[in-house]
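Each chain is listed here by its residues.
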Amino acid sequence: MAGRVLREPSVQLLASQVLTGGVAMAANILMVRSLSPTHRGEVALMLQVVYLATQVLLMGTERSFVAAYHNVAPAPAVRAYGRLLAVPCLVFLSGAVIWHLAAPDRLTPGPVIVAMLAVFALIEAASLATRSIAIAVGRVRDFLVARVLEALLLLAMLIGLYVAGAARPELWFLAYLFAGATPTVVYLLIWTRLPVTAAATPLDPAVNRQVRREGLALFPAALSNMAMLRVDRLVIPALASTAALGHYASVATMTELLAWPVRAYADSRLGRWRASHREGTLRTAPILLAVGAYALVVVPVVAGGLYLLIEPLFGHDYADAKVVVLPLVVAAGLYAVSRVSLGLLIAKGHGGLVSAAEITGFVVSFAAYLLLIPRLGILGAAYGSLAGYGACLVFAMIATKLVRER
């Protein structure tokens, strides 16, 4: 029984998320202990740029690929995803070169930083692609092993930087780059050399075109979702300071972990939910009630614990960050419920509604950031996130009800 549970893809995806979250917490503590709030904010800013660029490269295909492909062989799946990424990657690299050559000096961080950002964006896109491929081909265990290797490598390098007293933000950023690249490249090479079994479903080029079309329908959702999650880190330095971003990111990095288990569950179930929907057996109410109960139980526990631990973990310099704990934890709970609601809409083939929900959340949050951050600082950013995630969830729930009634 235990072995069967551990082989369940959603459990393995959750394990990878929990591991990544644990390392993210450790990395956060090591950075705030080694870097000033300003330099911690600079690392956070570079990471947010990469995460947003990654969504542009994927063009919404990470979920449409999982929904479209089942029981396919690893090597053809890698090649199929490679064809999906080829043109966006070439355009992105060309754009990075043009930006460095044409942008004014005050708007470019220099060739080395631009190159690191571009390379890390490609690595992150490949890493997310391996997640989708692993789910589609039934090799989530390989993905989990890759993430374990990445976590151990990242943690070792960050501890080394901490012990060495490294105070340059780009060195900490490079640790993320190398840790992400190594296992991703290794497993892509392994998968491309695996033989194609007779039981594997052959790939149809028409399916890849369907993945691209559905991905384009979901691309506004993916981009808006990432913007809703990350644009606060881009706006805070402009409307407040990088030091304020350092305080904010130290808490937001930890509260985001609340939604990761739920998102892993939703992503692993997309294919099953679509099959159940086609058979007319998909029941959405129990699923939504279960994730709602999770949020209600976890939110108060995490809020109280994090509020008490900020100063012991981060130091007295980060005491001001306590003010954003409660709104960010509640926002994370709302975001978790919205991931399942939107996943059910994707399973039912309503990618347009998913994009509309994500865009609504982003517009509300961005407007709140512009209005509140100049007045309230990082507390305004936290309220903006709460408003945006709440708007996204309300839209998703209304859309789900309307679809069910039709």
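Structure's up top.
Rules used in this analysis
- Residues numbered from 1 in each chain as written.
- Predicted model: local features only at pLDDT ≥ 70, side-chain atom pairs only at ≥ 80, totals over all residues.
- Heavy atoms only, no water.
- Helix = DSSP H or I, 4+ residues; strand = E, 2+ residues; numbered from the N terminus.
- Rg over C-alpha atoms; globule rule 2.2 N^0.38 Å.
- Buried < 20%, exposed > 50% of the residue type's maximum accessible area, 1.4 Å probe, protein only.
- Contact = heavy atoms within 4.5 Å.
- Areas by Shrake-Rupley, 256 points an atom, 1.4 Å probe, with all protein chains shown as cover.
- Lys, Arg positive; Asp, Glu negative; His and termini not counted.
- Charge placed at Lys NZ, Arg CZ, Asp CG, Glu CD.
- Core = buried A, V, L, I, M, F, W, Y, C linked by side-chain atoms within 4.5 Å.
- Salt bridge = Lys/Arg side-chain N within 4 Å of Asp/Glu carboxyl O.
- Polar contact = N/O pair within 3.5 Å; in protein donor to acceptor, adjacent residues only side chain to side chain.
- Patch = residues over 30% accessible without salt bridge, like charges linked within 9 Å, V, L, I, M, F, W, Y side chains within 5 Å.
- Phe/Tyr/Trp six-rings, centres within 6.5 Å; stacked < 30°, edge-to-face > 60°.

Asks: Sorry if this is basic, but what is going on with the overall build of the protein here?
Replies: Looking only at helices and strands, one finds 15 helices and 0 strands in the protein. Taken against the 2.2 N^0.38 rule, which gives 22 Å for 406 residues, the C-alpha radius of gyration of the protein at 21 Å falls within 12% of a compact globule. Seen through its principal axes, the protein has C-alpha atoms that stretch 60 × 50 × 45 Å. Each of the 406 residues in the protein was classed as buried or not, and the buried ones make up 53%. Long-range pairs, those at least 24 residues apart, make up 83% of the contacts in the protein with a sequence separation of at least 6. Working note: accessible area of the protein is about 17,500 Å², and carbon and sulfur atoms make up 69% of it. Of the charged side chains in the protein, 32 are positive and 19 negative, and the gap between their average positions amounts to 9 Å.

Asks: Explain the nonpolar core to me, please; I cannot follow it from the model alone.
Replies: Soluble globular proteins: nonpolar side chains tend toward being buried together. Core analysis: the largest hydrophobic core is formed by 92 residues, its most contacted members being Phe65, Trp172 and Val340. In terms of residue count, helix 6 (residues 111-137) provides more of this core than any other element does, 13 residues in total. Beyond its immediate sequence surroundings of up to four residues, Val340 is in contact with Val262, Ala266, Trp273, Ile287, Leu288 and Val291. Counting residues in hydrophobic clusters, the runner-up holds 30 residues, among them Val32, Ala244, Val325 and Tyr369.

Asks: Help me out: how do you make sense of the pattern of salt bridges in this one?
Replies: Should their charged atoms come close, side chains of opposite charge can pair. Taken as a whole and judged by the stated rule, the model has 5 salt bridges. Where Arg147 meets Glu150, a salt bridge forms, and the shortest distance between an N and an O atom there is 2.6 Å. With Arg147 and Glu150 both in helix 7 (residues 140-164), this residue pair falls 3 residues apart, about one helical turn. By relative accessible area, which is 17% here, Glu150 ends up buried. A salt bridge links Glu214 to Arg274, with the shortest nitrogen-to-oxygen separation between them at 2.7 Å. In this pair, Glu214 sits in helix 9 (residues 205-239) while Arg274 sits in helix 11 (residues 260-279), placing the two residues 60 residues apart along the sequence. Residue Glu214 is classed as buried on the basis of its relative accessible area, which comes to 16%.

Asks: Just checking my understanding: could you explain the side chain of Thr400 for this structure?
Replies: Position of Thr400 relative to the elements: it lies in helix 15 (residues 378-405). In terms of polar contacts, Thr400 uses its side chain to reach the backbone carbonyl oxygen of Ala396, at 2.8 Å. For Thr400, the residues in contact, after removing those within four places along its chain, are Ser341 and Leu345.

Asks: Is there a simple way to think about a nonpolar patch on the surface in this case?
Replies: On the surface, Ile159, Tyr162 and Val163 cluster together to form a nonpolar patch covering roughly 300 Å² of accessible area. Overall, Ile159 belongs to the partly exposed group, its relative accessible area being 41%.

Asks: Mind showing me how you'd approach the packing of aromatic side chains here?
Replies: For any pair of aromatic rings, geometry is given as the distance between the ring centres together with the angle between the planes. Tallying each qualifying case throughout the model produces 6 aromatic pairs. On the basis of an interplanar angle of 80° and a centroid distance of 5.3 Å, the ring pair of Phe120 and Phe173 is categorised as edge-to-face. Of the two residues, Phe120 is situated in helix 6 and Phe173 in helix 8 (residues 169-192); the sequence distance between them amounts to 53 residues. Neither Phe120 nor Phe173 differs from the other in exposure class; each is buried. Centroid distance Tyr265 to Trp273: 5.8 Å. Interplanar angle 75°. Geometry classified as edge-to-face. Exposure remark for Trp273: the relative accessible area of 4% places this residue in the buried category.

Remember that the coordinates give geometry; whether it matters functionally is a separate question.
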